[in-house]
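Breakdown of the fold
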Amino acid sequence: MKNVKIALTKGRLEKGAVQIFEDTGIDCSQLKDKGRKLVFHIDEPSIDFFLAKASDVVTYVEHGVADIGIVGKDTLMESGKNYYEVLDLKMGRCKFIVASKKDTDLYGGYNHKKIATKYPEVARKYFRSKGMDVEIIKIEGSVELAPILGLADAIVDIMETGTTLRENGLVVLEEICDLSARMIVNVASLKLKKEEIEGLINRIQEYLYSK
Ligand code: PRP
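All figures in this text were calculated on a predicted structure; none of them were measured in a lab. (Residues numbered from 1 in each chain as written. Predicted model: local features only at pLDDT ≥ 70, side-chain atom pairs only at ≥ 80, totals over all residues. Heavy atoms only, no water.)

A word on the site of the ligand. Residues in contact with the ligand amount to 13 residues; listed here are only the nearest, K118, E144, D157, T161 and T164. Between the ligand and the protein, one listed contact pairs an oxygen atom with a side-chain N or O atom of R12 at 2.6 Å. When the ligand is considered free in solution it has 500 Å² of accessible area, and contact with the protein chains removes 71% of it. For the shell around the ligand, the secondary structure elements donating two or more residues are β9 (154-159) and α7 (163-167). The greatest single-element share of the shell around the ligand, amounting to three residues, is contributed by β9. (Near = heavy atom within 4 Å. Polar contact = N/O pair within 3.5 Å; in protein donor to acceptor, adjacent residues only side chain to side chain. Areas by Shrake-Rupley, 256 points an atom, 1.4 Å probe, with all protein chains shown as cover. Helix = DSSP H or I, 4+ residues; strand = E, 2+ residues; numbered from the N terminus.)

This is the structure we're talking about:
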């Protein structure tokens with residue numbers, strides 16, 4: 001059997017992804033007690049797991065240094081890269097939302113509204129689909145600060161529990177779409193390592209349906 005390289009997204013999706021591989025019979029004990037290590041080799045079946053930032057997972061898969069990636073649909077919607085999306089892992093569920101201070105009127109007035117976000121492509125497409133010309137301001141984190149400080153009229157962001165919005169006095173104005181973790185595969189790997197990759201996909205699919 002050929003070795004398969006799998007890029008996992010560090011952080012939010014990490015635990016759920018490791019649990020799925022563990023539950024399908026792959027010994028992931030190294031990944032559970034990992035310290036600061038980033039690469040993990042497993043012998044049976046031969047898999048190299050490595051941990052990367054979400055957007056980098058997509059880059060590694062596109063370039064084929066990872067055969068498989070586990071990453072959020074939010075990152076895929078923003079990335080526009082080349083890969084096959086093969087499975088919805090039905091975990092890491094959250095939503096893309098538009099949020100701001102209560103009583104914000106996003107549609108009133110004649111001036112361009114300012115939207116702060118970590119996801120400029122998603123935000124641009126969403127407002128374009130509504131026929132609205134907005135100014136997008138790219139923010140790297142803690143986007144909730146933008147409407148509080150007056151940098152933007154609203155934000156486009158992911159919401160999981162809603163705690164961050166609530167604790168910062170913001171509300172959901174609109175829901176854009178549901179999100180979850182996905183398995184993506186490099187286009188060439190799906191041919192070159194067909195047996196190994198399809199084997200893994202089937203194992204995980206069976207497990208997800210049995211849950
Ligand atoms: C995400 C997102 C929200 C928060 C939503 O940020 O941008 O801020 O999580 O989660 P909740 O609805 O459960 O509160 P993340 O924790 O990834 O940190 P960041 O803002 O620094 O990117």
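Put simply, helix α1 (residues 14-23) and helix α9 (residues 194-210) touch, their axes get as near as 9 Å, and they point 100° apart. Relative to α9, the element α1 lies roughly perpendicular. On α9, the residues that touch I20, F21 and D23 of α1 are L200, I204, Y207 and L208. Here the residues of the contact of α1 with α9 are counted per class, giving six nonpolar, no polar and one charged. (Axes fitted to C-alpha atoms, helices over the stretch in contact; angles between N-to-C directions. Parallel < 35°, antiparallel > 145°, perpendicular 65-115°, else oblique. Contact = heavy atoms within 4.5 Å. Nonpolar A, V, L, I, M, F, W, Y, C, P; charged D, E, K, R; others polar.)

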